[in-house]
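# Geometric and topological summary
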Amino acid sequence: MSGRFVRSSKYRHVFGRSTRKDQCYDNLRVSRNAWDSNLVKANPHYLSVNWEAGGGGAFAVIPLTERGKLPERIPLFRGHTAAVLDTDWNPFNDDLVASASDDGKVLLWRVPDNFTVRPDVDADDIRDVAPVGKLSGHPKKIGHLLFNPAAENILATASGDFTIKVWDVEAQAPKLTLNVGDAIQSQSWSANGSLMVTTSRDKKLRIWDVRQERPAHEAQGHTGAKNSRTVWLGERDRIATTGFSKMSDRQLALWDIRAPHEPINGFKTLDSISGVCMPFWDEGTQCLYLAGRGDGNIRYFELENDKFEYLSEYKSGDPQRGVAFIPKRGVNTHDNEVARAFKTVNDSYIEPVSFIVPRRSENFQDDIYPPTIGLKPAMGPSEWFGGKEAIPPKVSMASLFEDEGLKEVTGVQDKPTATMGAPEPKPAAEPKPAEPTPVKKAPEPVPEPTPVAMVRPEPSMKEQGASMAAMVNKFADKEEEAEPVQVDTSFDEVPKPASRSNTTSPAIKITPWHQTEKATPSHTPTADRSPAPSTPTVGTPSSATGPTLPASSAIPTDTVQREIGAIKDLIAEQTKTIATQAQQVQNLTTEIESLKAKLG
């Protein structure tokens, strides 16, 4: 029976929709550098792509509205002296982007106003964009960088010198240093920006108290030799990791940050593909997306009761090396799009993939679009370095549906990550008051005795008529079985008891009782007495006269009492039969157990 249970979920039927080639971003030169990064990052307005460029490092910024085939030459963001390894967009300003490079530098950029990759000038007159700031402090290459999701202008950079530096971008100076001790493979901030989780080449999973510059927890991660990735699950006190087993099987794991000694429910094996799984968390739907590096598939899970419930998989024959998801405020709510990914294909073009809830209504679907993080930070750099913990204010997705801009629905939430998730029991508490209502209604039809059928509640009439007909057939004499009995379907409750009364009281004539009711409302017994005919005739009252008859005149009281007694006898006999069968089942069960014991 358990295999037939279907879990309830609003996102059970979410499907990934690909995009036609002419609506993709074509004629790109995606970087072929072997460094393990996502290659592409996105926000609601722009894409940033690591570019294969000579004479130093560069990356491209592509407005999302400019689809199709790009020109052979486009304006690039050029300033590094070596290949660009990673980029990241400022979460509170869609025009600011940071880039990390093999030259050990972080450059800060601002997208020019009215920026386009198709400028109306000659190809030789196209000018590249220059950086507006530079962060220097790492002696070796910087492979990953990530803005703080709660505090403004706080940036973390992971370097080949086995450290992570936390920068105050306004001051352009490193303020904190985390000594990981080995090559960092991935990093992820908590929602309130106070903690960070990292995976590294030494196969350790570390949860850092960043402002204390020390790991709060350290645990053994995936044991495989290939790279491992991690992502913080939004406002929850949970993190997810992807990696490999010793047998090179891809794995997924869920961890509790308060006790990360081992994953919750162990390591879950996904498949035996060799590419790294890139994890992406969607806070609005509580879904985890896993994009395989080197294959074309994106599978997604819903987190429920500390378990990743598999939903479905977007399958494609075009392998991807890089994938990026945009923030929730950038999805198309009119198409019921809950997530949008951008995947690189053959290092030559980028394809958008929309994940859609299949619904026909054209109204705003508020149940699948909870409030999401907007563009206002929870704190400034000085407050964050001073120890403040908070979640940024959220905006209503309904305001985006109505094209009303970003409207805040909550203020700054002063709660640490570990206490998030407390509001979850609220939806479960709502159905409780509704449960007593059906419980009260259920006992009502049970105590009703069978004779109340004369009151004519429509549903109970048929049930009582069927039970009484079965009783008549069981107790009728053989001579009566040969006599045909006509049953009027327009007045179900009359023929059944009347046919029984004919056998027990032959002095009462059945047919004339309707006529008697019309002639003598007092129902005088002497008016009905006559010799019983050899073949009794059951009267067929019209639909007009049937409903007007009172219940007391339909059948004599002594007849009803005899019917009740007969039904009680039938129920008693059935009860004995059920008890006998139950005893037989018990005896068989005992014999089976004894046979098992002998064979075992």
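About the criteria used
- Residues numbered from 1 in each chain as written.
- Predicted model: local features only at pLDDT ≥ 70, side-chain atom pairs only at ≥ 80, totals over all residues.
- Heavy atoms only, no water.
- Helix = DSSP H or I, 4+ residues; strand = E, 2+ residues; numbered from the N terminus.
- Polar contact = N/O pair within 3.5 Å; in protein donor to acceptor, adjacent residues only side chain to side chain.
- Contact = heavy atoms within 4.5 Å.
- Expected span 1.5 Å × (residues − 1).
- Buried < 20%, exposed > 50% of the residue type's maximum accessible area, 1.4 Å probe, protein only.
- Phe/Tyr/Trp six-rings, centres within 6.5 Å; stacked < 30°, edge-to-face > 60°.
- Lys NZ or Arg CZ within 6 Å of the ring centre and 35° of its normal.
- Pairing = 2+ DSSP bridges.
- Axes fitted to C-alpha atoms, helices over the stretch in contact; angles between N-to-C directions.

To continue, consider the side chain of serine 228. For serine 228, the position within the fold is in the loop between strand E19 (214-220) and strand E20 (229-232). There is a polar contact of 2.9 Å between the side chain of serine 228 and the backbone oxygen of threonine 242. Other than its neighbours up to four places away in sequence, serine 228 contacts Gln185, Ser186, Thr199, His222, Thr242 and Gly243.

The subject of this paragraph is helix H10 (residues 557-599). Note: α-helices contain 3.6 residues per turn, so residues at a spacing of three or four share the same orientation. Relative to the 63 Å expected for 43 residues at 1.5 Å per residue, H10 spans 63 Å between its end C-alpha atoms, a close match to the ideal helical length. Within H10, the full set of buried residues consists of Thr559, Glu563, Ala566, Ile567 and Leu570.

A separate point is the packing of aromatic side chains. If you walk through the whole model with that rule in mind, you get 20 aromatic pairs. For the ring pair phenylalanine 77 and phenylalanine 115, a centre distance of 5.7 Å and an interplane angle of 70° mean the geometry is edge-to-face. Of this pair, phenylalanine 77 sits in strand E7 (residues 77-80) while phenylalanine 115 is found in the loop between strand E10 (105-110) and strand E11 (133-136), placing the two residues 38 residues apart along the sequence. The exposure class assigned to phenylalanine 77 is buried, which follows from its relative accessible area of 0%. Ring geometry for tryptophan 384 and phenylalanine 385: centres 5.0 Å apart, planes at 80°, overall edge-to-face. Residue class for tryptophan 384 comes out buried when judged on its relative accessible area of 0%. A residue is classified by how much of its surface remains accessible, and phenylalanine 385, at 26% relative accessible area, is partly exposed. An aromatic cluster is present here, built from Phe280, Tyr289, Tyr300, Tyr314, Phe325 and Phe355 joined pairwise through their rings. Directly above the ring of tyrosine 349 sits lysine 21, whose terminal nitrogen or CZ lies 4.5 Å from the centroid. Here the basic side chain of arginine 211 rests over the ring of tryptophan 384, its NZ or CZ set 5.0 Å away from the ring centre.

Note on strand geometry: in a regular strand, side chains alternate between the two faces of the sheet. Among the 7 residues that make up strand E5 (residues 57-63), 7 are buried, leaving the element largely enclosed by the rest of the structure. Here E5 shows a buried face lined by Gly57, Phe59, Val61 and Pro63 and a second buried face lined by Ala58, Ala60 and Ile62. By the bridge criterion, 6 bridges tie strand E4 (residues 46-51) to E5 in an arrangement that is antiparallel. From the neighbouring strand, leucine 47 faces E5, where its bridge partner is isoleucine 62. Where E4 hands over to E5, the hairpin turn is made up of 5 residues, of which glycine 55 adopts a positive phi near 70°. Here E5 runs beside E7; their pairing, made up of 3 bridges, is antiparallel. In the strand pairing of E7, phenylalanine 59 is matched with phenylalanine 77.

Spatially, 4 strands are ordered E16-E17-E18-E19 in an open sheet, and the strand pairing comes out antiparallel. Only two strands of the sheet have a single partner each, and these edge strands are strand E16 (184-189) and E19. Ignoring which end each strand starts from, the neighbouring axes of this sheet average 20° apart. One ladder, built from 6 bridges, connects strand E18 (residues 204-209) with E19; its direction is antiparallel. By the bridge assignment, arginine 206 is partnered in E19 with glutamate 218.

The sheet built from 4 strands is open, its strands ordered E8-E9-E10-E11 with antiparallel pairing. What marks the edges here is a single partner per strand, and that holds for strand E8 (84-89) and E11. For this sheet, the mean inter-axis angle between neighbouring strands, taken without regard to orientation, is 20°. Across 4 bridges, the pairing between E10 and E11 is antiparallel. Residue pairing for E11: leucine 107 is matched across the bridge by lysine 134.

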